[in-house]
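# Observations on chain architecture
Listed below, chain by chain, are the residues.
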Amino acid sequence: MSLYYNVTQRVNLQDPQCPKLWYPVLKSVGILREKDVAMLMADETTMNPKEAEMALYQFQKILLREIAEGKIIEFSELGSFRLTLSATGMVLCEEVSSACVQKINLRFQASQNVNDLLQQTKLISIDKLMF
């Protein structure tokens, strides 16, 4: 498996006075939409494409509902999804309320399987590709 990257010059946002440095930036090679995933699922299972599409729709509906109820959703091979908060801290415990919450975030934590897969990925500079 290979991932492609571009080389981009960027400012250090923590220290704008520093000179710009060059960084590798991942380059997407496309978008896989829900219908595409359903077709791939149908190819690898006994489901037809419409059944696979419906299964994905139901999966998304259940995932969102259960996350919104405060549950952690864990997939053994993939990782887990959970909610976190960004909030303003208060000096006194009694001052803490829901008004302190600035934002609710959805976080994904990759499983060890995913981390291992990513470590095995070969990185290729996009300018090395032959078109």
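Residues numbered from 1 in each chain as written. Predicted model: local features only at pLDDT ≥ 70, side-chain atom pairs only at ≥ 80, totals over all residues. Heavy atoms only, no water.

## Quick word on the packing of aromatic side chains
Summed over the entire model, instances satisfying the criterion amount to three aromatic pairs. With a centroid separation of 5.6 Å and 50° between ring planes, the pair formed by F59 and F75 is classed as tilted. Within this pair, whereas F59 is found in helix α2 (residues 49-68), its partner F75 is found in strand β3 (residues 73-75), the two being separated by 16 residues in sequence. For F59, a relative accessible area of 38% puts it in the partly exposed group. Seen in terms of ring centroids, F81 and F108 are 4.9 Å apart; in terms of plane orientation they differ by 45°. Their pairing is tilted. You can see F81 sitting in strand β4 (residues 79-87) and its partner F108 sitting in strand β5 (residues 101-110), a full 27 residues away along the chain. The rings of F59, F75, F81 and F108 are connected pair by pair, giving a single aromatic cluster. (Phe/Tyr/Trp six-rings, centres within 6.5 Å; stacked < 30°, edge-to-face > 60°. Helix = DSSP H or I, 4+ residues; strand = E, 2+ residues; numbered from the N terminus. Buried < 20%, exposed > 50% of the residue type's maximum accessible area, 1.4 Å probe, protein only.)

## Digging into the pattern of salt bridges
Within this structure, the stated rule accounts for five salt bridges. Between E53 and K35 there is a salt bridge; the shortest N-O distance is 3.5 Å. Linking E53 in helix α2 with K35 in helix α1 (residues 34-44), this pair joins segments that are 18 residues apart in sequence. Residues E66 and K71 are paired through a salt bridge, measuring 2.5 Å at the closest nitrogen-oxygen approach. Through salt bridges that share partners, R65, E66, E69 and K71 make up one connected network. (Salt bridge = Lys/Arg side-chain N within 4 Å of Asp/Glu carboxyl O.)

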